[in-house]
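Results of the structural survey
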Amino acid sequence: MQPVAARGTESSLIEEARAAGCDALHPGECDAARQAALAERCRHLGLRFLGGEPRLLDAMAEGRVMRQKMREAGLPLAASEPGGEVIAISLLADRFGRVLYLSPRRHRDHISMAPLGELTKERYRYLGELAARGIARLGVVGLVEARFRIEGNRLGFLDMRPGPTGDEALDEVLMGLDPLVEQLRVLSGERLRERQSRLAVNGQARLWRLVPPSGGVLTGGPGVRLDRCEEGGEARLVVWGRRSGDVETRARRVFVEWWGESEARRWLAI
């Protein structure tokens with residue numbers, strides 16, 4: 001089976017899929033409202049939708065509804081007023097009730113970083129098990145991102161987004177598991193092969209969303225990876241290391257090669 005990549009409106013995506021003879025459509029990094037619209041169009045046209053169930057996508061698009069569902073599942077909710085720090089965690093679930101939680105991360109401007117040093121192993125496990133409990137109660141199948149707000153010792157659910165979100169490379173380099181591959185497997189009806197007890201976060205990683213310079217050279221090296229969506233467009237630079245200092249050293253080398261020392265300092269300071 002040969003995949004076909006496409007961009008555009010819901011109608012144009014489905015038209016391209018049908019013209020190419022595809023029997024399924026994956027929404028990519030769409031928000032919940034757009035995924036819900038795609039799922040509905042696919043249902044009417046007999047095209048398989050490789051994403052979340054419409055009822056859950058609608059709830060994610062309407063944050064108040066999802067918060068109520070998670071409250072009913074027993075999760076504490078974040079306070080309505082802004083405050084504290086927002087952290088995200090991806091989860092994978094199959095149709096047999098197994099749920100895996102991955103590495104918690106933080107978003108700042110054009111950068112995502114994981115894991116979070118301020119989360120002890122105990123707090124990380126509590127966060128993951130809390131999120132997994134809510135996902136299991138909802139009956140989610142596939143990949144989602146749950147966001148929580150931490151303020152002092154208080155942890156509360158904020159919202160949920162359908163996957164993928166673009167940060168999956170962090171989980172791949174830190175945990176040795178590709179969430180995109182696993183998402184397709186569970187949506188095809190297979191069981192999750194991994195168990196939570198066998199998953200561990202190894203090292204530190206950062207992901208930058210950026211547009212590399214035209215003709216820029218990337219010598220690469222250990223712990224450096226560049227994922228391009230298309231030539232001349234946005235790319236994701238992922239840098240991994242055993243310690244945060246390793247990440248900074250490797251990332252600095254890339255930025256200096258591309259833009260020089262002053263720009264390297266700016267990108268590392270974001």
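Numbering of residues begins from 1 in every chain and follows the order in which that chain's sequence is written. Under the rules for a predicted model, residues below a pLDDT of 70 receive no local features and side-chain atom pairs below 80 are neither given nor counted, while totals for whole chains, interfaces and linings still include all residues. Excluding hydrogens and water, the side-chain values take into account all heavy atoms of the structure.

1. Side note on the pairing of strand 9 (residues 204-210)
- Note on classification: 1.4 Å probe, protein chains only; a residue is buried when its accessible area is under 20% of the maximum for its type, exposed when over 50%, partly exposed between these limits. Helix and strand labels come from DSSP, where a helix needs a run of H or I of at least four residues and a strand needs a run of E of at least two; each type is numbered from the N terminus. Of all the 7 residues making up strand 9, 5 are buried; the element is thus mostly covered by neighbouring parts of the structure.
- The rule for pairing is simple: two strands pair if DSSP sees at least two bridges between them. When strand 6 (residues 111-114) meets strand 9, the two strands line up antiparallel, connected through 4 bridges. Note that in strand 9 the partner of A114 across the bridge is A205.
- Two elements, strand 9 and strand 11 (residues 235-241), share 7 bridges in a ladder whose sense is antiparallel.

2. Considerations on unusual backbone geometry
- A cis amide bond links A114 to the next residue, P115, at an omega of -10°.
- You can see P115 is positioned in the loop between strand 6 and helix 5 (121-138).
- Geometrically, the link from G163 to P164 is a cis peptide bond, its omega value of -5° lying close to zero.
- By the secondary structure assignment, P164 is in the loop between strand 8 (154-162) and helix 6 (168-175).
- The residue D109 is not glycine, and still its phi comes out positive at about 55°.
- Structurally, D109 can be placed in the loop between strand 5 (106-108) and strand 6.

3. Here's the deal with the pattern of salt bridges
- We count a salt bridge whenever a side-chain nitrogen from Lys or Arg sits within 4 Å of a carboxyl oxygen from Asp or Glu. Under the defined criterion, the tally for this structure stands at 26 salt bridges.
- Linking R209 and D167 is a salt bridge whose minimum nitrogen-to-oxygen distance equals 2.7 Å. Residue R209 is located in strand 9, and its partner D167 is located in the loop between strand 8 and helix 6; the two are separated by 42 residues in the primary sequence. Like R209, the residue D167 is buried in the burial classification.
- Salt-bridge contacts for E261 lead to R265; the nearest nitrogen and oxygen are separated by 3.9 Å. One end of the pair is E261 and the other is R265, both in helix 9 (residues 261-269) and 4 residues apart, which spans about a single turn.
- What emerges from the salt-bridge pattern is a single network uniting R105, E145, R161, D167, D171 and R209.

4. A word on the side chain of S90
- For S90, the location among the structural elements is in strand 3 (residues 85-93).
- Whenever two N or O atoms come within 3.5 Å, that pair is a polar contact, provided that in protein one can donate a hydrogen and the other can accept it, and provided that, for residues adjacent in sequence, both atoms are side-chain atoms. In terms of polar contacts, S90 uses its side chain to reach the side chain of R105, at 2.8 Å.
- Between two residues, a contact is recorded if the distance between any of their heavy atoms is within 4.5 Å. Residues in contact with S90, not counting those within four places in the same chain, are L100, Y101, L102, R105, L143, V144, E145 and D171.

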